[in-house]
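# Topology and contacts: notes
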Amino acid sequence: MKKKFVQDYKRKSGEDKFSYEGDYYIFYMEETDKKKRSVIQLVFAVLQMVLIVIAGLLNSPGSYKAYIVLPYLCMILPLIYYTMGAVGFFRIPERMEKHQYEMTILRMMKSILAIFFLCIFTVGADGMFLIRNKENTDTLSEGIFLAIMIVLAVMDYVALVYHNKMYKSVVVEAQKQKDTK
């Protein structure tokens, strides 16, 4: 199995140390703006986690259906990854190596995208469950669960737009590759 990012580091002849020879990702932002964005991202992650926990504590009739519960539970892992990326975002330099870029900005973007699609799937599944069982279920708790999932989906869409702007502002500085033939 080939390890990720190994090809970006080379050992110069006669030296024991490795040096980075991969592409650099330039993301310029004032330190105060970076702190502000980092705090916003952490607050966003905590708010999403609180909403997910509240939705889980409702004990709605749909929470006993696997097609509703599985995508709901799968939201937790991308949210943890998002939080890890948001914590790492605070410490990234202006000129990032590839692994720093992928572990912060790209990780947050992919995590939000995963949560968004899981929310959409959960909203659809819960909506179908409500329509099919509207006479037999406690519609209040199920409606609150559905409303929380819709709020999460809207929050994730706004976050996708926000992160897409940040993602587009990253400039790749390609390193010159030496021909070793």
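Conventions we followed
- Residue numbers here run from 1 along each chain, matching the order of that chain's written sequence.
- Residue-level local features of this predicted model are given only where pLDDT is at least 70; pairs of side-chain atoms are given and counted only at 80 or more, and the full residue set underlies all totals for whole chains, interfaces and linings.
- As a convention, hydrogens and water are excluded, and side-chain values are obtained from all of the structure's heavy atoms.
- Pairing between two strands is assigned when DSSP locates at least 2 bridges connecting them.
- Secondary structure elements follow DSSP: runs of H or I of four or more residues count as helices, runs of E of two or more count as strands, with numbering from the N terminus.
- Lines fitted to C-alpha atoms define the axes, with helix axes restricted to the stretch in contact, and inter-axis angles between N-to-C directions lie between 0 and 180 degrees.
- Should any heavy atoms of two residues lie within 4.5 Å, those residues are counted as being in contact.

### Considering the sheet that holds strand β3 (residues 24-26)
With respect to topology, three strands assemble into an open sheet ordered β4-β3-β5, the strand pairing being antiparallel. With one partner strand each, in any of the chains shown, β4 (95-97) and β5 (171-173) form the two edges of the open sheet. Taking each pair of neighbouring strands and ignoring which way they run, the sheet shows an average axis angle of 35°. Of the pairings in the sheet, the one linking β3 to β5 comprises three bridges and is antiparallel in character. By the bridge assignment for β5, Y25 is matched with V172.

### A look at the environment of F121
Relative to the helices and strands, F121 resides in helix α5 (residues 105-132). In this structure the C-alpha to C-alpha distance between F121 and I68, which are 53 residues apart in sequence, comes to 8.3 Å. Once you skip the residues sitting within four places of it in the chain, F121 turns out to touch Y67 and P71.

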